[in-house]
Amino acid sequence: MILSWNRICLSAFLSLTCLLCGCGVKQLTILEEGNISPQLDVVYPRIAEGDSIFTVQPVDSTFALGSVVPERSSVTVNGVPARVWDNGSFLAYFPLDEENKIYSFEAVTSEGKTSTATIPFEYPDKSTDASCKSYADSINSLLPLRITFVRDHNVVRTSPRRAYWLFPLCGTTALADSFAMPYFRIPLTDDLHGWVEDKFVEIDTSCNKVVKSVLHSISVNANNGRTTVSIPLQERMLFNLIEQPESGSLRLDLFGATARLDQIYYDPKGRIVREIRWNQSSDDLLSLTILLNISKLWGYRTFYHENTLKVEIRNEPKIAGHSLKGRKIVLDAGHGGDNLGAIGPTRLPEKEPNLEIVFALKKLLEKEGAEVILTRENDSTVNIYDRIDYAVDQEAEILLSIHNNALPDGKNPFINRGSAVYYYRPQSRQLAKHLHENLLESSGLDDFGFYYKNLALTRPTELLAVLVECAFIIHPEEEMLLQDDRFIKRVAKGLRNGIKDFLKEYKRQTKNQNRRFSPWFDSYNSRGFNPNKPIGRDGQVHLHVP
C-alpha cells in the first residue's frame, strides 16, 4: 500500500486539533490511492466572498494554480496539461474558454480515478447605471466650483484612470471645471489639466474663483539638522516638487502663482541650499529651482503652515567607518492579519514569509550596529498609509518593504518569475540598484526586473523608500523555497549586503563631491555675494565682485 504523506500529516493534525479542542474524534481512515478520487484545491482563480462568479480581465490566455492529492495525479485546465510538482502543487497557462466562460479543471490519478471542477467567469462591467449619470449631471450643473483636498494622502492623475501625478497636501484648494464620473478636472495652466477622484475632495458651491497667489519673498532657514525653505502664499495651492539629481536641485512648480519676488533670505548658518532661482513660464505657472550644496538627497518633506508652503530638506547623515552603525532603518513586512497578500499553490499566504524575511534581516542589521524598527512584529493588520506615516514619524533614513510576488491575469507564470526591486523617487534609485544586484545574487532566482514604479510604499519623500519582491509565491518552486529557512536567510543576507554596498558607494561619492561643492560655495561667498540682496526680474541673483 502506497500512502500519501500529506494525508498522513493531515490526519494526525486533525486528530490532535480535535483532542486539544475537546471535540469528538472520528476514526480517520487512510485509503489506498487506487481507491479514492483525486482531491483538487484550486487556489486561483478564486471567487471573491459574496460573489458567485469570477471576474477576469479580457485576455486571450491566463493562469491557474493550486494543489492535488494524490500528488502523482495529472491535472488539466481547459484541456491544457498543467505541470504538477512532487508536493502536489500545480501551475497551468492556458487559453480562456470564451464560448462557455468557465475554467474547467480535471484531475486524474495513475489508476484512472477522476475529479472535475468548474469556475464560471465574466468580464468587468464597464457600463454606467442611471444613478451614476444622474449624480454626474448634478455635479456638472454646479461647475465651475472650488474643491478642497481632505485626506492626508491624496492623488491627482494625468487623466481618468491614468498615471498618478500630483500628491496634494490636506487642505489644498483648487478649481474644478468639469466632472466625468468619478473624476473632477482641474485646470492647472491654459493647456494642462489634472484629474482627481471625488473621494479625495469636498466641494464648495459658494465659491467659483480661480486659486491664485502672488509670491513676494522666500526665506531659507537651517535648524535641527534640516533646512527649511518657506514660501508665503495667499492660498493653499497645488504644486509639483521634482527631484533633479543631474543638476543637484529641486524644482518647485506652483500652479496659479505669480512672482513679485523682491527678496530671498538665506540663513548664514545654512549650507544645504546654495541658491534659489525662479522663472515665470506662463501667467499661471511659477517655477522655483532650489540648487543644493549636498552630494545626495536623503529625504525632504512639504507641508503648509497656515498658507505658507514649506520645503524641509534633510541633512546628509555622517557615515562612520562601519557603514551600518547608527543607521535608522524601518523594515515593513508586507500585508498581515486579514490581508493575506498573494497565496501560493499550497495556500501559503504571502504575509508569512514576508515577516520571516524581515525577522532574519533585522537580526543581521542589528548585529552590525543599525537601529531597526518594524511596522509589524506579528500577524497584525496595518493600514498601508499607517506604515508610511510610522516610518516618517520615527525619522528613519531608509524604508524597505518586503513582499513576494504574484501576477495579473494574462501573464505567463512560467516566464514571468524571479526577484524584483521597485523605487519611485530618484533619491532612492541608487539604494534600489544595490538591493537588486545583491538580491539576485543571494536568491539565485531569475531577474524579474529593476523598476521605477509608483507604489504607495515607494512614494514617500521623507526618506529613501524601496520595495522588494523576493520571489514569486504563486510559482510552486519559489513557494517551496519560501518555506525553507536556508533560503530566507540567503535573501536576508543579500538585502543586508545591498544596503551596505549603497552606504559604501555613498561615502565614496560624498568625499569626491564635497571636494567639488565646498570650495565653490566658500569662494562664492568670499567673492562678496550678499544672499539677502534683492534679485532681478530675470530670477537671477547678481554677484558683486569687490
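No experiment lies behind these values; they were computed from the predicted model shown. (Residues numbered from 1 in each chain as written. Predicted model: local features only at pLDDT ≥ 70, side-chain atom pairs only at ≥ 80, totals over all residues. Heavy atoms only, no water.)

### Focus: the pattern of salt bridges
Under the criterion given, the structure shown has 20 salt bridges. Note that Lys-500 and Glu-368 form a salt bridge whose closest N and O atoms lie 3.0 Å from each other. You can see Lys-500 sitting in helix 7 (residues 485-526) and its partner Glu-368 sitting in the loop between helix 3 (351-367) and strand 28 (371-374), a full 132 residues away along the chain. Accessibility assignment for this pair places Lys-500 and Glu-368 in one class, buried. (Salt bridge = Lys/Arg side-chain N within 4 Å of Asp/Glu carboxyl O. Helix = DSSP H or I, 4+ residues; strand = E, 2+ residues; numbered from the N terminus. Buried < 20%, exposed > 50% of the residue type's maximum accessible area, 1.4 Å probe, protein only.)

### A word on helix 5 (residues 429-443)
Spacing of three or four residues puts side chains on the same side of an α-helix, whose turn is 3.6 residues. Here helix 5 spans 21 Å end to end across 15 residues, near enough to the 21 Å set by a 1.5 Å rise per residue. Taken across its 15 residues, helix 5 has 11 buried, putting it largely inside the fold. Here helix 5 has its buried residues at Gln-430, Leu-431, Ala-432, His-434, Leu-435, His-436, Asn-438, Leu-439, Leu-440, Ser-442 and Ser-443. In the segment just after helix 5, Gly-444 is the residue with positive phi, at about 75 degrees. (Expected span 1.5 Å × (residues − 1).)

### Concerning a negative patch on the surface
Taken together, the side chains of Asp-51, Glu-122, Asp-125 and Asp-129 present a region of like negative charge at the surface. Within the secondary structure, Glu-122 sits in strand 9 (residues 114-122). The class of Glu-122 is partly exposed, set by a relative accessible area of 33%. (Patch = residues over 30% accessible without salt bridge, like charges linked within 9 Å, V, L, I, M, F, W, Y side chains within 5 Å. Areas by Shrake-Rupley, 256 points an atom, 1.4 Å probe, with all protein chains shown as cover. Lys, Arg positive; Asp, Glu negative; His and termini not counted. Charge placed at Lys NZ, Arg CZ, Asp CG, Glu CD.)

### Looking at the layout of surface pockets
In this structure, the largest pocket spans a volume of roughly 1100 Å³. What lines the largest pocket is a set of 41 residues, among which Phe-167, Thr-302, Arg-425, Arg-459 and Thr-461 lie closest to the centre. Of all the elements in the fold, those that place two or more residues in the lining of the largest pocket are strand 12 (164-166), strand 20 (239-244), strand 25 (300-305) and helix 4 (384-393). Here the residues of the lining of the largest pocket sort into 25 nonpolar, seven polar and nine charged. Here the second largest pocket defines a volume of roughly 510 Å³. His-403, Asn-405, Leu-455, Leu-467 and Glu-469 are the residues nearest the centre of the second largest pocket, which is lined by 25 residues in total. Listing elements by their share of the lining of the second largest pocket, those giving two or more residues are helix 4, strand 29 (398-405), strand 31 (447-452) and strand 32 (464-472). With three residues, the top contributor of residues to the lining of the second largest pocket is strand 29. Taken together, the residues of the lining of the second largest pocket break down into 13 nonpolar, seven polar and five charged. (1 Å grid on protein atoms, 1.4 Å probe; cavity = no way out; pocket = protein on both sides within 12 Å on 5 of 7 lines; lining within 4 Å. Points joined across faces, edges and corners; volume = space filled by probe spheres on them. Nonpolar A, V, L, I, M, F, W, Y, C, P; charged D, E, K, R; others polar.)

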